[in-house]
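Chain by chain, the residues:
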Amino acid sequence: GAGVSQSPSNKVTEKGKDVELRCDPISGHTALYWYRQSLGQGLEFLIYFQGNSAPDKSGLPSDRFSAERTGGSVSTLTIQRTQQEDSAVYLCASSLQQGRTDTQYFGPGTRLTVL
Amino acid sequence: SQQGEEDPQALSIQEGENATMNCSYKTSINNLQWYRQNSGRGLVHLILIRSNEREKHSGRLRVTLDTSKKSSSLLITASRAADTASYFCATVPVAGTALIFGKGTTLSVSS
């Protein structure tokens with residue numbers, strides 16, 4: 001079956017512009033996560049959605065970052081007024097349900113470059 | 001904040017040799033997972049070990065967990081050039097939901 005997909009695969013933008021990154025989770029997966037990976041670093045948790053519950057936004061680095069998940073499926077991560085330090089690979093993952101032993105399946109990521 | 005710290009940061013070996021990577025973490029965990037990443041893109045889940053388990057095997061992979069030392073190791077036996085990648089440990093804290101990743105070990109296997 002299809003895995004997690006993300007679009008675009010690469011995004012180059014100018015400082016100050018807004019960007020939207022999209023994630024399509026595996027069908028039927030109720031949990032969705034966004035992570036960020038800066039060059040040579042590990043992954044940094046950003047936000048987590050589980051079903052209809054309020055999202056866990058504790059990892060968002062600033063109020064320029066927001067995310068939504070429509071209809072419990074597709075998610076969009078929006079970064080407003082992008083800064084150069086926002087340059088990173090943004091990875092989305094989904095899992096079947098919120099459970100601490102559930103495997104998270106990752107998408108290929110979106111590489112964001114802010115000039 | 002990062003929970004896991006992998007050691008070494010980089011490892012270069014010859015095909016056929018074994019590769020051992022270590023991971024230390026800070027807080028009590030529910031489980032620990034190892035992931036592999038090729039070329040800085042998507043991660044692939046390798047293996048999960050629960051906090052009440054001490055050792056787990058999957059093919060050429062062997063993972064150990066020592067909760068008293070808050071550490072884990074990943075052993076890849078009979079390595080192949082295709083094993084070249086970055087390897088990350090990730091923990092699920094007892095009081096958390098999302099994975100917390102370390103910075104990873106970059107493994108290079110030369111033929």
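Read on for a plain summary of the structure. (Residues numbered from 1 in each chain as written. Chains lettered and ligands numbered in written order. Predicted model: local features only at pLDDT ≥ 70, side-chain atom pairs only at ≥ 80, totals over all residues. Heavy atoms only, no water.)

1. Section: the interface of chain B and chain A
Taken together, the contacts link 25 residues of chain B with 25 residues of chain A. Approximately 1,800 Å² of surface area, both sides summed, lies buried where chain B meets chain A, with 49% of it carried by carbon and sulfur atoms. In this structure, the connection of chain B to chain A is made through three residue pairs in polar contact (both at pLDDT 80 or more). Mapped by element, the contributors of at least two residues to the side of chain B that touches chain A are strand 4 (29-37), strand 5 (43-50) and strand 9 (85-93) of chain B. Among the elements that make up the side of chain B that touches chain A, the one with the highest residue count is strand 4 of chain B (five residues). Considered class by class, the residues forming the side of chain B that touches chain A number ten nonpolar, twelve polar and three charged. (Contact = heavy atoms within 4.5 Å. Buried area = accessible area lost by both parts, 1.4 Å probe. Polar contact = N/O pair within 3.5 Å; in protein donor to acceptor, adjacent residues only side chain to side chain. Helix = DSSP H or I, 4+ residues; strand = E, 2+ residues; numbered from the N terminus. Nonpolar A, V, L, I, M, F, W, Y, C, P; charged D, E, K, R; others polar.)

2. Overview of the environment of A:Cys23
Residue and element names in this part refer to chain A. Mapped onto the secondary structure, Cys23 falls in strand 3 (residues 19-24). Accessibility expressed as a relative area gives 0% for Cys23, which makes it buried. Each C-alpha atom of the pair Cys23 and Ala54 lies 18 Å from the other, and the pair is 31 residues apart in sequence. In this structure Cys23 touches Val4, Ser5, Gln6, Leu32, Trp34, Val74, Ser75 and Cys92, once residues within four positions along its chain are discounted. (Buried < 20%, exposed > 50% of the residue type's maximum accessible area, 1.4 Å probe, protein only.)

3. Quick notes on the pattern of salt bridges
Opposite charge on two side chains permits pairing when their charged atoms draw close. Residues and elements named next belong to chain A. Under the defined criterion, the tally for this structure stands at five salt bridges over all chains. Where Arg22 meets Asp24, a salt bridge forms, and the shortest distance between an N and an O atom there is 2.8 Å. Residue class for Asp24 comes out partly exposed when judged on its relative accessible area of 22%. With its nearest N and O atoms 2.8 Å apart, the salt bridge here joins Asp86 to Arg64. (Salt bridge = Lys/Arg side-chain N within 4 Å of Asp/Glu carboxyl O.)

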